[in-house]
Amino acid sequence: MALLQKKDSFVSESINILVVGDIVGRAGRQALQNHIPRLVDHHLIDFIVANGENLASGRGVTPPTAKEMFKLGINVLTNGNHCWDQRDFLKQIDQDDRFVRPANFSSHAPGRGWTIQETAAGIPVAVINVIGQVFMGSWDSPYAAADQALQEIPRDVKIILLDMHAEASSEKMGMGWYLDGQVSFVYGTHTHIPTCDEIIHTSGTAYQTDIGMTGSYQSIIGNKIDPGLCRLVKGLPQRFEVVERGGSVFATLLKVDVNSGKTLEIKRIHIPPNS
Ligand SMILES: [Fe+2]
Ligand SMILES: [Fe+2]
């Protein structure tokens, strides 16, 4: 936790948060294993959130892959359209409140749409997860789900992050403006492609359309190139397999004021493979 000092008196406290997008397969997990310890030391990171929908060979979360990520220091794993690819996750999600899944899933879905976890210094951080409606399936309104989550999160929790797992950038930008002034960061996941539009609104809400995947970019959004091209060029069905080596880290670093929940600084991080 960083203290901002003005002359001789401490005027406010801030924490540093690392936001990681979709972690894709072994390439993504290995890249984080290689770089998270150094990033935490170098940037004095207090809290890490990542999207886990592609952790296990691109298809959902398994107990070993989740354990590997929590052991690295990831505080919360969000999810998305691949949430139920592993059947056992239907049970696992109920047993650990470090997992969240989109809040606008069916009301019958197990698990939770938001969680509150603490930094080592005891600062609470709320993480909300929603899924978009454009090219994503017929989910309930992510805007209504975000409203509901914000009503339920206790008022004394100032730092709030929202992962909007969605295809359409317009939908994600809409959420950024809809929650302007109410949360610390609205960010997108799912497309696996990072965007360079990070901004801090005058309200102190930060926004980025997509964090980008942590995984191999010698691929088509994480999958092997040849089967993808066969499907695209010839229109033939192919079994997709993720590329398991050569992962890049794409993540976004925030400095957030503990008392107001406003974001003070935002910075994208890119670590290429073999660095
Ligand atoms: Fe994904
Ligand atoms: Fe997705």
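Quantities reported herein were computed from a predicted structural model and do not represent experimental measurements. (Residues numbered from 1 in each chain as written. Chains lettered and ligands numbered in written order. Predicted model: local features only at pLDDT ≥ 70, side-chain atom pairs only at ≥ 80, totals over all residues. Heavy atoms only, no water.)

So, the overall build of the protein chain
Link 1 in the chain: Looking only at helices and strands, one finds 6 helices and 13 strands in the protein chain.
Link 2 in the chain: Its C-alpha atoms give the protein chain a radius of gyration of 18 Å, near enough to 19 Å, the size a compact globule of 275 residues would have.
Link 3 in the chain: Across the 275 residues in the protein chain, those meeting the buried criterion constitute 55%.
Link 4 in the chain: Taking as baseline every contact in the protein chain between residues at least 6 positions apart, the subset at least 24 positions apart corresponds to 62%.
Link 5 in the chain: Total accessible area computed for the protein chain in this model is approximately 12,700 Å², and 51% of it derives from carbon and sulfur atoms.
Link 6 in the chain: Taken as two groups, the 25 positive and 29 negative side-chain charges of the protein chain have centres that lie 6 Å from each other. (Helix = DSSP H or I, 4+ residues; strand = E, 2+ residues; numbered from the N terminus. Rg over C-alpha atoms; globule rule 2.2 N^0.38 Å. Buried < 20%, exposed > 50% of the residue type's maximum accessible area, 1.4 Å probe, protein only. Contact = heavy atoms within 4.5 Å. Areas by Shrake-Rupley, 256 points an atom, 1.4 Å probe, with all protein chains shown as cover. Lys, Arg positive; Asp, Glu negative; His and termini not counted. Charge placed at Lys NZ, Arg CZ, Asp CG, Glu CD.)

Some points on unusual backbone geometry
Link 1 in the chain: Look at His-192: it is not a glycine, yet its phi comes out positive at around 70 degrees.
Link 2 in the chain: Overall, the relative accessible area of 6% leaves His-192 in the buried class.
Link 3 in the chain: One non-glycine residue, Asn-274, lies in the positive phi region at around 60 degrees.

Some points on the nonpolar core
Link 1 in the chain: In this structure, Leu-18, Leu-32 and Leu-77 are the most contacted members of the largest nonpolar core, which totals 31 residues.
Link 2 in the chain: Residue assignment for this core shows that the elements contributing at least two residues are strand S2 (9-22), helix H1 (25-43), strand S3 (47-51), helix H2 (63-72), strand S12 (247-257) and strand S13 (263-271).
Link 3 in the chain: Setting aside chain neighbours within four positions, we find Leu-18 in contact with Ile-36, Leu-39, Ile-45, Phe-47, Ile-48, Val-49, Ala-251, Thr-252, Leu-253 and Ile-269.
Link 4 in the chain: Judged by nonpolar contacts, the second largest core, of 20 residues, contains Ile-17, Val-76, Tyr-187 and Ile-266. (Core = buried A, V, L, I, M, F, W, Y, C linked by side-chain atoms within 4.5 Å.)

Side note on the coordination of the iron ion (ligand 2)
The reference angle at a metal is 109.5 degrees if four donors form a tetrahedron and 90 or 180 degrees if six donors form an octahedron.
Link 1 in the chain: Within the protein, the atoms that donate to the iron ion (ligand 2) are Glu-53 (OE), Asn-81 (OD1), His-165 (NE2) and His-190 (ND1), at distances of 2.1 to 2.2 Å.
Link 2 in the chain: What makes His-165 buried here is its relative accessible area of 0%.
Link 3 in the chain: On the basis of relative accessible area, His-190 is assigned to the buried category, the value being 13%. (Donors = N, O, S within 2.8 Å, 3.2 Å for Na, K, Ca; no water.)

Considering the packing of helix H4 (residues 142-152) against helix H5 (residues 169-178)
Link 1 in the chain: Between H4 and H5, the least distance of the axes is 11 Å, while the angle of their chain directions is 30 degrees. Compared by their axis directions, H4 and H5 come out roughly parallel. Crossing hand, H4 versus H5: right-handed. Contacts between H4 and H5 pair Pro-142, Tyr-143, Ala-146 and Asp-147 from the former with Glu-171, Gly-174, Met-175 and Tyr-178 from the latter. (Axes fitted to C-alpha atoms, helices over the stretch in contact; angles between N-to-C directions. Parallel < 35°, antiparallel > 145°, perpendicular 65-115°, else oblique. Left-handed = near helix turned anticlockwise from the far one by under 90°.)

Thoughts on the coordination of the iron ion (ligand 1)
Link 1 in the chain: For the iron ion (ligand 1), the protein coordination sphere consists of Asp-22 (OD), Glu-53 (OE), Asn-54 (OD1) and His-192 (NE2), at 2.1 to 2.2 Å.
Link 2 in the chain: For the iron ion (ligand 1), the 4 donor atoms are set out with angles of 89 to 161 degrees between them, so the coordination reads as irregular.
Link 3 in the chain: Mapping the donors of the iron ion (ligand 1) onto the primary sequence gives the spacing D-x30-E-N-x137-H.
Link 4 in the chain: Separating the iron ion (ligand 1) from the iron ion (ligand 2) is a gap of 3.5 Å, bridged by Glu-53, which donates to each.
Link 5 in the chain: Glu-53 sits in the buried class, given a relative accessible area of 1%. (Tetrahedral: all angles 85-135°; square planar, octahedral: opposite > 155°, others 65-115°.)

Regarding the confidence of the model for the protein chain
Link 1 in the chain: Put simply, the protein chain has an average pLDDT of 94, and 96% of its residues get 70 or more.
Link 2 in the chain: A low-confidence stretch, residues 3-11 (pLDDT under 50), is modelled with 10 contacts involving residues beyond four sequence positions or located in other chains. (pLDDT = per-residue confidence, 0-100.)

Brief notes about the environment of Asn-51
Link 1 in the chain: Tracing the sequence through the fold places Asn-51 in strand S3.
Link 2 in the chain: Overall, the relative accessible area of 0% leaves Asn-51 in the buried class.
Link 3 in the chain: Note: C-alpha distance between Asn-51 and Ile-36 (15 residues apart in sequence) is 15 Å.
Link 4 in the chain: Beyond its immediate chain neighbours, meaning those up to four positions away, Asn-51 contacts Val-20, Gly-21, Asp-22, Ile-23, Thr-78, Asn-79, Asp-163, His-165 and Thr-189.
Link 5 in the chain: One polar contact links the side chain of Asn-51 to the main-chain carbonyl oxygen of Asn-79, over a distance of 3.1 Å.
Link 6 in the chain: Among the polar contacts listed, one links the side chain of Asn-51 to the side chain of His-165, at a separation of 3.4 Å. (Polar contact = N/O pair within 3.5 Å; in protein donor to acceptor, adjacent residues only side chain to side chain.)

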